[in-house]
2 protein chains.
Amino acid sequence: MVDVLEVLAEPRRRRILDALRQGELSVGALVEEVGSSQPLVSKHLRVLREVSLVDVRVDGQRRVYRLRPEPLVELDAWLEPYRQLWRTSLDRLEAHLSEGKPDA
Amino acid sequence: MVDVLEVLAEPRRRRILDALRQGELSVGALVEEVGSSQPLVSKHLRVLREVSLVDVRVDGQRRVYRLRPEPLVELDAWLEPYRQLWRTSLDRLEAHLSEGKPDA
DNA sequence: CAGTTATATGCCTTGACAGGCATATAACTG
DNA sequence: CAGTTATATGCCTGTCAAGGCATATAACTG
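In this text, all values refer to a predicted model and were calculated from it rather than measured experimentally.

Student: Explanation requested: the sheet that holds strand β3 (residues 62–67) of chain B in the structure shown.
Tutor: Strand-to-strand pairing in sheets goes through backbone hydrogen bonds, with the strands running parallel or antiparallel. Spatially, 3 strands are ordered β1-β3-β2 (chain B) in an open sheet, and the strand pairing comes out antiparallel. Edge strands, defined here as strands with exactly one partner in the open sheet, are β1 (25–26) and β2 (54–59) of chain B.

Encoded structure:
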């Protein structure tokens, strides 16, 4: 966990992860996806790499990035005790849950 | 979601939330729990309030804070599509999962 | 009301990070 | 090798938030 949350706090990095959910992508492809400058995307990718949220593979001239879910698994685990809470106290919370505000 | 991640990125704020999982606590009690200065704790509480992660109740001279899990529910929802990923590709990942690195 | 406890706020400094731009590095092409 | 494409890095700047310290606010006590 630890700094994974900090890394995820950056919206463009989340965009990158979202894009990578569909499969591997080169840096160029990601630049198009998230609409940022190439250097910026590269920097974000570096940060994502440092916390093992992504993985690189060299493919000739390109670097192909891939999502690595492990840190998210840990985040999921961190969430667990809290999950217990809202499952316990599903007072009028249950109603709130089905209101459907899933995305950010 | 949105800035909830940013709020959670701060370790002391997570400490506060952890403490509140056991039940309501006054500011003074939280100061003892997390070992920060009172002004700092109050500021963190303000941030937590702003994203509805906590709730205040006035009790005479004290302010009693309570955890509000709703934003975490949304975080949980945000995680969902990723969860699909690691559930799908439980190649050697399953092994990794049971290695037990749950906390941060 | 004066004093004290509990909490919040304001100001200030410092450090970190995002983002822009230029440039380095590396592979591929003729 | 010269040129081009793909990606990473370095430097610089602005912004913003954490944290410290002092102080304001509010309730409680005698």
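Let's pick the thread back up.
Student: How should helix α2 (residues 11–20) of chain A be read in this particular structure?
Tutor: For an α-helix the count is 3.6 residues per turn, leaving residues at separations of three or four pointing the same way. Residue and element names in this part refer to chain A. Every buried residue belonging to α2 is among R13, I16, L17 and L20, and all of these are buried. Down the axis of α2, the buried side of the element spans an arc of 95°, and every buried residue falls inside it. Along its buried surface, α2 packs onto α1 (4–8), β1 (25–26), α3 (27–34), α4 (38–50), β2 (54–59) and β3 (62–67).

Student: For this particular structure, what's the right way to read the protein's contact with DNA strand C?
Tutor: Lining the immediate surroundings of DNA strand C are 21 residues, of which B:S26, B:G28, B:P39, B:S42 and B:R62 lie closest. Sorting the residues of the surface near DNA strand C by element identifies α4 of chain A together with α3 (27–34), α4 (38–50) and β3 of chain B as the ones contributing at least two each. Class assignment for the residues of the surface near DNA strand C results in 6 nonpolar, 9 polar and 6 charged.

Student: Quick question: what am I supposed to make of the packing of α3(A) against α4(A) here?
Tutor: When two helices pack together, you describe them by how their axes are tilted relative to each other and by the distance separating the axes. Residues and elements named next belong to chain A. Where α3 meets α4, the axes come as close as 9 Å, and the angle between the chain directions of the two elements is 105°. With respect to α4, the element α3 is oriented roughly perpendicular. Across from V27, L30, V31 and V34 in α3, the residues of α4 making contact are Q38, V41, S42 and L45. Of the residues in the contact of α3 with α4, the class split is 6 nonpolar, 2 polar and no charged.

What counts as what
- Residues numbered from 1 in each chain as written.
- Chains lettered and ligands numbered in written order.
- Predicted model: local features only at pLDDT ≥ 70, side-chain atom pairs only at ≥ 80, totals over all residues.
- Pairing = 2+ DSSP bridges.
- Helix = DSSP H or I, 4+ residues; strand = E, 2+ residues; numbered from the N terminus.
- Buried ≥ 20, exposed ≤ 12 C-beta atoms within 10 Å, placed from the backbone.
- Arc of directions from axis to C-beta.
- Contact = placed C-beta atoms within 7 Å.
- Near = placed C-beta within 6 Å.
- Nonpolar A, V, L, I, M, F, W, Y, C, P; charged D, E, K, R; others polar.
- Axes fitted to C-alpha atoms, helices over the stretch in contact; angles between N-to-C directions.
- Parallel < 35°, antiparallel > 145°, perpendicular 65-115°, else oblique.

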